[in-house]
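So you can see what is in the structure, the chains are spelled out below.
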Protein chains: 2
Amino acid sequence: MRLTTKGRYAVTAMLDLTIHCDDKPVSLADISQRQSISLSYLEQLFSRLRQSELVTSVRGPGGGYRLSRSSDSIYIAQVIDAVNESVDTTNCKGKGDCQGGEICLTHSLWDQLSQEIHSFLNAISLADLVARRDVKSIAQRQVEQLLILNESPQAGAC
Amino acid sequence: MRLTTKGRYAVTAMLDLTIHCDDKPVSLADISQRQSISLSYLEQLFSRLRQSELVTSVRGPGGGYRLSRSSDSIYIAQVIDAVNESVDTTNCKGKGDCQGGEICLTHSLWDQLSQEIHSFLNAISLADLVARRDVKSIAQRQVEQLLILNESPQAGAC
DNA sequence: ACTTACTTGACTAAAATAGTCGGGTATTGG
DNA sequence: CCAATACCCGACTATTTTAGTCAAGTAAGT
Ligand code: FES
Ligand code: FES
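Read on for an overview of the structure.

Reading the values: the criteria
Residues numbered from 1 in each chain as written. Chains lettered and ligands numbered in written order. Predicted model: local features only at pLDDT ≥ 70, side-chain atom pairs only at ≥ 80, totals over all residues. Heavy atoms only, no water. Near = heavy atom within 4 Å. Polar contact = N/O pair within 3.5 Å; in protein donor to acceptor, adjacent residues only side chain to side chain. Nonpolar A, V, L, I, M, F, W, Y, C, P; charged D, E, K, R; others polar. Least-squares fit on C-alpha atoms with pLDDT ≥ 70 in both. Contact = heavy atoms within 4.5 Å. Axes fitted to C-alpha atoms, helices over the stretch in contact; angles between N-to-C directions. Helix = DSSP H or I, 4+ residues; strand = E, 2+ residues; numbered from the N terminus. Parallel < 35°, antiparallel > 145°, perpendicular 65-115°, else oblique. Left-handed = near helix turned anticlockwise from the far one by under 90°. Buried area = accessible area lost by both parts, 1.4 Å probe. Salt bridge = Lys/Arg side-chain N within 4 Å of Asp/Glu carboxyl O. Core = buried A, V, L, I, M, F, W, Y, C linked by side-chain atoms within 4.5 Å. Buried < 20%, exposed > 50% of the residue type's maximum accessible area, 1.4 Å probe, protein only.

This part is about the protein's contact with DNA strand C. Near DNA strand C, the surroundings consist of 26 residues, among which Arg 2, Ser 38 and Pro 61 of chain A together with Ser 57 and Tyr 65 of chain B are the closest. Protein-adjacent atoms of DNA strand C, using a 4 Å cutoff, are sugar or phosphate at a proportion of 68%. Within the backbone of Lys 6 of chain A, one N or O atom sits 3.4 Å away from a phosphate oxygen of DNA strand C. A distance of 2.5 Å separates a phosphate oxygen of DNA strand C from a polar atom in the side chain of Tyr 65 of chain B. Partitioning the surface near DNA strand C into residue classes produces eight nonpolar, twelve polar and six charged.

Let us look at the relation of the copies chain B and chain A. When chain B is fitted to chain A, the best match, at an RMSD of 0.1 Å, comes from turning it 180° and sliding it 0.0 Å along the axis. The superposition of one copy onto the other is thereby described by a two-fold rotation axis. Residues of chain B ranked by C-alpha distance from the rotation axis are headed by Arg 2 of chain B, positioned 3.2 Å from it. Interface overlap between copies: 100% of the residues of chain B at the interface are likewise at the interface in chain A, consistent with a symmetric, same-surface contact.

All names here are of chain B. Running from N to C, helix H3 (residues 39-51) and helix H4 (residues 76-84) cross one another at 115°; their axes reach a closest spacing of 8 Å. In terms of orientation, H3 and H4 fall into the roughly perpendicular class. In this structure, H3 meets H4 at a crossing whose hand is right-handed. When H3 is examined against H4, the residues Leu 45, Arg 48 and Leu 49 are found in contact with a partner set consisting of Val 79, Ala 82 and Val 83.

For the rest of this paragraph, the subject is the interface of chain B and chain A. Contacts between chain B and chain A engage 43 residues on the former and 43 residues on the latter. The largest per-residue losses of area from chain B upon contact with chain A belong to Arg 8, Leu 105 and Phe 120 of chain B, which jointly make up 21% of the total buried on that side. For Arg 141 of chain A, the salt bridge identified is with Glu 102 of chain B, shortest N-O distance 3.7 Å. Here chain B is connected to chain A by 24 residue pairs in polar contact (both at pLDDT 80 or more). Elements that contribute at least two residues to the side of chain B that touches chain A include exactly helix H1 (5-19), helix H2 (28-35), H4, helix H5 (107-121) and helix H7 (133-150) of chain B. Ranked by the residues each element gives to the side of chain B that touches chain A, the list is headed by H5 of chain B, at nine residues. When its residues are assigned to classes, the side of chain B that touches chain A shows 21 nonpolar, 14 polar and eight charged.

What follows covers the protein's contact with DNA strand D. In the region of DNA strand D, 26 residues are neighbours, and Ser 57 and Tyr 65 of chain A together with Arg 2, Thr 5 and Ser 38 of chain B sit closest. For DNA strand D, the fraction of protein-proximal atoms (within 4 Å) that sit in sugar or phosphate groups is 63%. Between DNA strand D and the protein, one listed contact pairs a phosphate oxygen with a side-chain N or O atom of Tyr 9 of chain B at 3.2 Å. Interatomic distance of 3.1 Å between a side-chain N/O atom of Gln 44 of chain B and a base oxygen of DNA strand D. Here the surface near DNA strand D is built from residues that sort into eight nonpolar, twelve polar and six charged.

When a protein is soluble and globular, its nonpolar side chains tend to lie buried together. In this structure, Met 14 and Phe 46 of chain A together with Met 14 and Phe 46 of chain B are the most contacted members of the largest nonpolar core, which totals 80 residues. Apart from residues lying up to four places away in sequence, Met 14 of chain B is in contact with Leu 49, Leu 54, Val 55, Leu 67, Ile 74, Val 79 and Leu 126 of chain B.

All names here are of chain B. Taken as a whole and judged by the stated rule, the model has six salt bridges over all chains. Where Asp 16 meets Arg 34, a salt bridge forms, and the shortest distance between an N and an O atom there is 2.8 Å. Within this pair, whereas Asp 16 is found in helix H1, its partner Arg 34 is found in helix H2, the two being separated by 18 residues in sequence. Among the residues examined, Asp 16 registers a relative accessible area of 0% and is labelled buried. Linking Lys 95 and Asp 97 is a salt bridge whose minimum nitrogen-to-oxygen distance equals 3.8 Å.

Structure (structure tokens):
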């Protein structure tokens, strides 16, 4: 099992994408600033997200990324899977051959745990997260901090 | 979050300890053979398990390790915590200061997931695992394989 | 004494993480 | 057309973690 900043960044970026406009695509530079994630790293992550068809891209000036479908049909587990290749906690990738081809003592435990985690993350959509009170207020704060920092008078709060 | 072979080995070894006798202490050499885990690595793990007071040690010939208390009051989460320092999935160790001292967008999600995993692993005791049908039969297989391999006529199946 | 088996600490090869860097290519506003 | 924007892609790297090894002990039983 791996759940590190890679997966966290991916979910954070997708959430930022969900929050900021359904009309115009969002550039990685914007996400990078708001979420304090390195631009180059974001590019790497979005390459995977695009391959998994969670986002679509628009090139050229004014371009950026868009969710490929409605935010209530994109689940956290899918985002993590896209960048992190599964939340499997078994050692054998579910095959049951840990101990020289044979199943090990604790296989069933890890198998069960994996299912538990997966169903938890698969029950939460991006839309669910956006609806949370704390997420709303943090997003608000991030936008305000950025306006102060940039002094850019683009008041277009979608 | 980290859940790697370190945690898995620890749980496996503790389970082996639970299965093999409540009367005489179990040596690491035995566990090493049955579970195919390097002896030196086991020593390292048991050092942590002993510090967390999950096992007690007996030195000298015939010595080994014993569970420090009844197997139905040792939970998987405790074993993993002992070697793996928590199954926390947040980036901030629960402090909420990911983003330059401020809380990040996804903190509450990871916090919730951590609690989910912890309560799952904290609801399963070593005794619960031993009672499982698959665990019983795998343990049986391991003992038989070892007898064939060693030709040691210690028929003392506790 | 001698052997068994725990105890401790330092060391290491290999892998994964968390990025960076440098060049592309498509699009569009002027 | 042209230059700026912003996605696209692959290679490269420092750091950290994992998964161990190795050596030199110490305590206890026979
Ligand atoms: S984890 Fe699946 S066989 Fe060991
Ligand atoms: S994970 Fe806790 S603040 Fe970001």
